[in-house]
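# Summary of the model geometry
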Amino acid sequence: MAPSGFLVRDVIQHMIPTLVGLVLFVPFAAHNADAVPLLLGAVVLAYAAGPLLASLARPVTRLLLAVSGRSRRHGRNRVWWNGNFDFVRLWYRLTQTQRENLYATQAYAEMYAMLAVYLLAYAITNIVLTVNGVVLPTLEGDIGLDYAEAVGQALWSPATPLFGDWRAPSIAMAVIGLSTALFAIANHLREMEILFGDEGQYVSLARIHHIETGDIATGLWGRITRAGEPLRNASITVMDIRDQKLGWAETDRQGRFQIRNVFAESFPPGQETGARTFRLEISTDDEDKVFDLALTRRQIPELSINLT
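Residues numbered from 1 in each chain as written. Predicted model: local features only at pLDDT ≥ 70, side-chain atom pairs only at ≥ 80, totals over all residues. Heavy atoms only, no water.

This part takes up the nonpolar core. One finds F85, L90, I224, I236, L280 and I305 to be the most contacted residues of the largest nonpolar core, which totals 38 residues. Residues within four places of I305 in sequence aside, it is in contact with R223, I224, T225, I236, F257, L280, I282 and F291. One finds L24, Y112, M114 and Y122 within the second-largest nonpolar core, a separate group that totals 18 residues. (Core = buried A, V, L, I, M, F, W, Y, C linked by side-chain atoms within 4.5 Å. Buried < 20%, exposed > 50% of the residue type's maximum accessible area, 1.4 Å probe, protein only. Contact = heavy atoms within 4.5 Å.)

Spelled out as structure tokens, the structure:
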């Protein structure tokens, strides 16, 4: 029998990063720890303190991601799609397989975030060991190749304990720890993009289930361009055929607009209404355009408007 999705999620999300953390830091206290106790310790620690460690590490992860600005972009993207689809309702429409796929992707994202924190802490620890343990040679005369070689040997001399009574240069372990932490951060961002990106799992599933049920999309959104270029600061007003205003928005720098809840309010749940006609009025600095648009309940209310 295949393992449950929850067990797979726990192994990926909590046990693997906890085991890696123990492998990195246990040798500082015990060089000869056996593999079986270490594995059992990872299981116990993952279940006992995994969620707590993850919550404590989350601010550090967000700080690391914010340095690149990609975290803020992901946040804005999630807010955007939350205004277009009802993801709470979507969750109850998903099959068990679809939910488990989302669980797995989320678990990988959390795993990489935790690994990034542990590896960064390991890199900092090794930098401290290098700084505290290095003894630079006394400078006698001019700086030459011999002195540079002596400095290199001094930097290489502080050692970090590993399993099996092995030791490795602390400065090398610091570089490895920092490099792998950056790799983990990049993979965390990739998994988050798979989940919440424009073509990510949540948005793709929302589109599929809206076409099937007609009650997942809530807003009316899209992009306005002119000659293929995004048109910013254009206002778009949505009315019914009696010219009653239903909503208003202004395009952003990417030419995108979003009018929340207008689609859900026009197609109440449980009512199999036919097509509804919306009247769109687009105003720019130099022109105003009005046109009618017919949408059915199971259409994706996403518009692509090109002004010529």
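The next thing to look at is the pairing of strand β9 (residues 288–295). In the sheet, strand β8 (residues 276–283) pairs with β9 via eight bridges, with the strands oriented antiparallel. Counted as the bridge partner of R276 is L295 from β9. The antiparallel pairing of β8 with β9 creates a hairpin that spans four residues between the two strands. (Pairing = 2+ DSSP bridges. Helix = DSSP H or I, 4+ residues; strand = E, 2+ residues; numbered from the N terminus.)

Examined against the element boundaries, A116 turns out to sit in helix α5 (residues 96–133). The class of A116 is buried, set by a relative accessible area of 1%. With residues near it in sequence (within four places) discarded, A116 still touches A181, A184 and I185.

Right, let's get into the sheet that holds β8. Strand order in the open sheet formed by four strands is β6-β5-β8-β9, and the pairing between neighbours is antiparallel. Single-partner strands in this sheet number two, and they are β6 (245–250) and β9. Strand-to-strand twist across the sheet, computed as the mean angle between neighbouring axes with direction ignored, equals 20 degrees. Here five bridges tie strand β5 (residues 235–239) to β6, and the two strands are oriented antiparallel to one another. (Axes fitted to C-alpha atoms, helices over the stretch in contact; angles between N-to-C directions.)

What follows covers the side chain of T225. As for its placement among the helices and strands, T225 is situated in strand β3 (residues 220–226). We classify T225 as buried; its relative accessible area is 15%. Among the polar contacts listed, one links the side chain of T225 to the side chain of N306, at a separation of 3.0 Å. If we ignore the near neighbours within four places in the chain, the residues touching T225 are P230, L231, I305, N306 and L307. (Polar contact = N/O pair within 3.5 Å; in protein donor to acceptor, adjacent residues only side chain to side chain.)

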